[in-house]
Amino acid sequence: MTQVRREWPGAVELEVTSGDGPLRALAYPALTGRPQAGDRVLLNATAVELGLGTGGYALVIAVPDRLPGDPPGPGHVMKARYTPMQACVLSADEQGSPHHEVLREAGDLDGMPVVVADLHSALPAILAGLREAGPRVAAYVMLDGGTLPAWFSRTAAGLREAGWLAGTVSTGQAFGGDLDTVTVHTGLLAARHVLGAEVAVVAQGPGNLGTGTRWGFSGVACGEAVNAAAVLGGLPVASLRISEADARERHYGVSHHSLTAYGKVALARADVVVPVLGGEFGARVAAQARDLAARHHLVSVATDGLAEALAACPVPLATMGRGPDSDRAYFLAAAAAGRHAAELVGLAERARPR
């Protein structure tokens with residue numbers, strides 16, 4: 001290793017010299033210890049060799065000459081189980097956690113809006129729409145369909161630093177959030193009853209997986225998240241994955257990921273937010289969304305002013321290498337879901353006895 005390039009909570013980006021030349025590498029000090037200049041590092045360079053888009057990092061497996069000590073502190077829940085890099089965490093819902101009593105008794109989200117999105121890149125745009133009329137307490141409930149270490153996400157770290165997130169709850173096999181939980185259900189309950197969230201945003205971490213088949217994509221879990229939110233007494237809000245720039249027919253307009261996850265997998269009723277986009281493309285989106293009307297409540301949400309809300313976002317906005325200038329509809333759709341969630345919170349506040 002030659003130098004540290006940059007770092008953020010939980011992760012350190014390195015410059016490493018290999019037999020094939022320089023590489024960007026990423027280390028998670030909680031797993032490997034903190035690499036220092038001059039260290040030999042053992043790398044997994046599969047993502048680099050395959051040319052994968054998310055991050056494009058070689059990942060540090062170990063610093064062989066300076067191994068970390070035993071994991072400190074309590075906790076006995078294993079994440080990334082039975083892999084060489086399995087991580088022991090103190091899960092918020094396990095015995096011994098200071099939050100165990102709260103989560104043992106908790107069983108209801110008290111009508112909290114839960115915005116569900118396919119891609120991690122929707123998170124900041126949803127929050128931009130949510131905060132348009134003023135700050136709201138929001139938590140990110142991270143699914144395990146993408147990256148497992150929450151530390152990978154510079155987006156979540158930046159949103160937390162800016163005060164846009166009360167915290168990240170990593171669920172399932174994912175780990176490294178401000179809180180860890182065993183399931184999405186306890187993740188949602190922790191967001192509400194531990195972090196005090198008014199709204200939760202549920203999405204996978206960076207690194208969406210798709211195969212071009214109807215069912216073979218990690219976003220199928222969006223449908224299950226809708227079900228979890230409804231079972232727990234939340235208000236599911238479905239954010240549509242929309243693109244006006246994706247050259248693939250299955251993702252142009254409303255992505256087949258959204259149509260499958262919400263139209264086939266989600267058994268509970270959700271508010272499906274349909275952004276008003278105008279023109280021929282807007283008409284296409286509205287027509288595609290009507291396929292979901294038999295199962296869900298379609299909510300038309302205006303997008304006026306959302307571009308300005310997106311411009312105020314404290315972290316970069318990008319999806320599949322495209323920003324708001326090249327795929328405006330994607331970010332407006334996510335922000336519209338946030339705007340609708342804010343409206344639901346406002347309605348609940350106005351309905352409370354004074």
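Residues numbered from 1 in each chain as written. Predicted model: local features only at pLDDT ≥ 70, side-chain atom pairs only at ≥ 80, totals over all residues. Heavy atoms only, no water.

Q: Please set out the overall build of the chain residue by residue, giving values where relevant.
A: From N to C terminus, the chain includes 11 helices and 17 strands. At 20 Å, the chain has a C-alpha radius of gyration in line with the 20 Å of a compact globule built from 354 residues. In terms of its C-alpha atoms, the chain occupies a principal-axis envelope of roughly 60 × 50 × 35 Å. When the 354 residues of the chain are sorted by exposure, 53% land in the buried category. Surface summary for the chain: the accessible area is close to 15600 Å², and the carbon and sulfur share equals 54%. Side chains of the chain carry 29 positive and 34 negative charges; the gap between the two charge centres is 3 Å. (Helix = DSSP H or I, 4+ residues; strand = E, 2+ residues; numbered from the N terminus. Rg over C-alpha atoms; globule rule 2.2 N^0.38 Å. Buried < 20%, exposed > 50% of the residue type's maximum accessible area, 1.4 Å probe, protein only. Areas by Shrake-Rupley, 256 points an atom, 1.4 Å probe, with all protein chains shown as cover. Lys, Arg positive; Asp, Glu negative; His and termini not counted. Charge placed at Lys NZ, Arg CZ, Asp CG, Glu CD.)

Q: Go over the pattern of salt bridges with me, naming the residues and quoting the values.
A: Counted by the stated rule, this structure contains 19 salt bridges. Salt-bridge contacts for E7 lead to R34; the nearest nitrogen and oxygen are separated by 2.7 Å. Here E7 is found in strand 1 (residues 3-8), whereas its partner R34 is found in the loop between helix 1 (29-32) and strand 4 (42-44), with 27 residues between them in sequence. The class for E7 is partly exposed, based on a relative accessible area of 45%. The closest approach of N and O atoms between R66 and D39, which form a salt bridge, is 2.3 Å. Here R66, found in the loop between strand 5 (58-62) and strand 6 (77-79), pairs with D39, found in the loop between helix 1 and strand 4; they are 27 residues apart in sequence, far enough to count as distant. A network of salt bridges, in which partner residues are shared, links R5, R6, E13 and E15. (Salt bridge = Lys/Arg side-chain N within 4 Å of Asp/Glu carboxyl O.)

Q: Outline the environment of Y330, listing residues and values.
A: Note that Y330 resides in helix 11 (residues 328-351). According to the relative accessible area criterion, Y330 is buried, its value standing at 5%. Ignoring any residue separated from it by four or fewer positions in sequence, one finds Y330 in contact with L119, S121, A122, R241, I242 and T319. (Contact = heavy atoms within 4.5 Å.)

Q: Tell me about the sheet that holds strand 8 (residues 113-116), residues and numbers included.
A: An order of 11-10-9-12-8-13-16-17 is seen for the 8 strands of this open sheet, with the pairing classed as parallel. Two strands bound the open sheet, and with one partner strand each, they are strand 11 (179-180) and strand 17 (297-301). In this structure, strand 8 lies alongside strand 13 (residues 235-239), joined through 4 bridges in parallel fashion. Directly across from V115, in strand 13, lies its bridge partner V237. (Pairing = 2+ DSSP bridges.)

Q: Would you mind going over the packing of aromatic side chains in detail, with residue names and values included?
A: All told, the structure shown has 5 aromatic pairs when counted by the stated rule. Judged by centre distance (5.5 Å) and plane angle (80°), the rings of W151 and F175 are edge-to-face. Pair noted here: W151 is in the loop between strand 9 (138-143) and helix 5 (154-161) and F175 is in the loop between strand 10 (167-170) and strand 11, with a separation of 24 residues, a long-range link. In this structure F175 comes out as buried when scored by relative accessible area, which is 3%. Measuring from centroid to centroid gives 5.0 Å for Y330 and F331, while their planes differ by 85°, and the two rings are edge-to-face. An aromatic cluster of three or more residues is present, and its members are Y28, W151 and F175. Taking NZ or CZ as reference, R24 lies 4.4 Å from the ring centre of Y57, over its face. (Phe/Tyr/Trp six-rings, centres within 6.5 Å; stacked < 30°, edge-to-face > 60°. Lys NZ or Arg CZ within 6 Å of the ring centre and 35° of its normal.)

Q: Quick rundown of the layout of surface pockets? Include the residues and the values.
A: Counted as a void, the second largest pocket has a volume near 610 Å³. For the second largest pocket, the lining is made up of 28 residues, of which A30, P71, P72, C88 and V89 are closest to its centre. Along the lines of polarity and charge, the residues of the lining of the second largest pocket split into 17 nonpolar, 8 polar and 3 charged. (1 Å grid on protein atoms, 1.4 Å probe; cavity = no way out; pocket = protein on both sides within 12 Å on 5 of 7 lines; lining within 4 Å. Points joined across faces, edges and corners; volume = space filled by probe spheres on them. Nonpolar A, V, L, I, M, F, W, Y, C, P; charged D, E, K, R; others polar.)

Q: Give me the lowdown on helix 5, citing residues and values where you can.
A: Taken together, the buried positions of helix 5 are occupied by T155, A156, A157, G158 and L159. In this fold, the buried residues of helix 5 make contact with strand 1, helix 4 (122-130), strand 9 and strand 10. Backbone geometry just after helix 5 places G163 at a positive phi near 85°.

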